[in-house]
Amino acid sequence: MVFIMCIFMLGLVFGMVVVASNPSPYFGALGLVVVSGMGCGVLMGHGAPFLSLVLFLIYLGGMLVVFAYSAALAAEPFPETLGSRSVAFNVLGYFAWVVLGASFLWDGWFGGLWPTVDEGGELSLLRGDVGGVALMYSSGGLMLVLSACVLLLTLFVVLEVCRALSRGALRAV
């Protein structure tokens, strides 16, 4: 399980570097999908599969809006990828900053973060996120509905901003 968590953490860092270094919105959105998937994998490993699922769905909804907006505004015929020279220099620079930051913080700060929920499974009666699910639906239900409404409103705003030939996406028929 520690090996899988290492893969999730490295994928999370690599996805963040891709998002930070890529000027093209197409590949930046792909990096955001990788970051959200790896972050939800880390949450699942630490015992919150339901929270991970809800967070992934909300992230995908938000990233769909961001991707639609950025793809409509930046229509490049030949976008820069990770293989181009300027983006590769940015990737190497960001990885150098990550290694430099990790070398300063390497003195045992991560010791308590590696145990996952499955390692204490014999001692617990419930999964790690059962209480969080009940709290999310009882006290946080209004916040979930409000978040969905805000995402829907944002989608309509993006569709109206990206209208073509003075005809909006929301027009009277």
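Rules of the game
- Residues numbered from 1 in each chain as written.
- Predicted model: local features only at pLDDT ≥ 70, side-chain atom pairs only at ≥ 80, totals over all residues.
- Heavy atoms only, no water.
- UniProt positions renumbered as here; feature names shortened; annotations may be inferred.
- Helix = DSSP H or I, 4+ residues; strand = E, 2+ residues; numbered from the N terminus.
- Axes fitted to C-alpha atoms, helices over the stretch in contact; angles between N-to-C directions.
- Parallel < 35°, antiparallel > 145°, perpendicular 65-115°, else oblique.
- Left-handed = near helix turned anticlockwise from the far one by under 90°.
- Contact = heavy atoms within 4.5 Å.
- Buried < 20%, exposed > 50% of the residue type's maximum accessible area, 1.4 Å probe, protein only.
- Polar contact = N/O pair within 3.5 Å; in protein donor to acceptor, adjacent residues only side chain to side chain.

**Quick notes on the UniProt feature "transmembrane region" (unreviewed entry) in the chain**
Working step 1: Sequence positions flagged by UniProt for "transmembrane region" (unreviewed entry) are, in local numbering, residues 53-75, 87-106 and 134-159.
Working step 2: Annotation note: span residues 87-106, helix share 90%, strand share 0%, distance between end C-alpha atoms 28 Å.

**Considerations on the UniProt feature "signal peptide" (unreviewed entry) in the chain**
Working step 1: Using the residue numbers shown here, the UniProt feature "signal peptide" (unreviewed entry) corresponds to residues 1-20.
Working step 2: Secondary structure across residues 1-20 divides into 95% helix and 0% strand, with the first and last C-alpha atoms of the span separated by 29 Å.

**Describing the packing of helix 1 (residues 2-21) against helix 4 (residues 85-104)**
Working step 1: Packing of helix 1 against helix 4 leaves a shortest axis separation of 9 Å and a crossing angle of 135°. Taken together, the axes of helix 1 and helix 4 lie oblique to each other. You can see that helix 1 and helix 4 cross each other, and the crossing is right-handed. Listed contacts from helix 4 to Val-13, Phe-14, Val-17, Ala-20 and Ser-21 of helix 1 are Val-87, Asn-90, Val-91, Tyr-94, Phe-95 and Val-98.

**What to know about the side chain of Ser-52**
Working step 1: Along the chain, Ser-52 turns up in helix 3 (residues 49-73).
Working step 2: What makes Ser-52 buried here is its relative accessible area of 4%.
Working step 3: Looking at Ser-52, its side chain comes within polar contact range of the main-chain oxygen of Cys-40, at 2.8 Å.
Working step 4: What Ser-52 contacts, discounting residues up to four positions off in sequence, is Cys-40, Gly-41, Leu-43 and Met-44.

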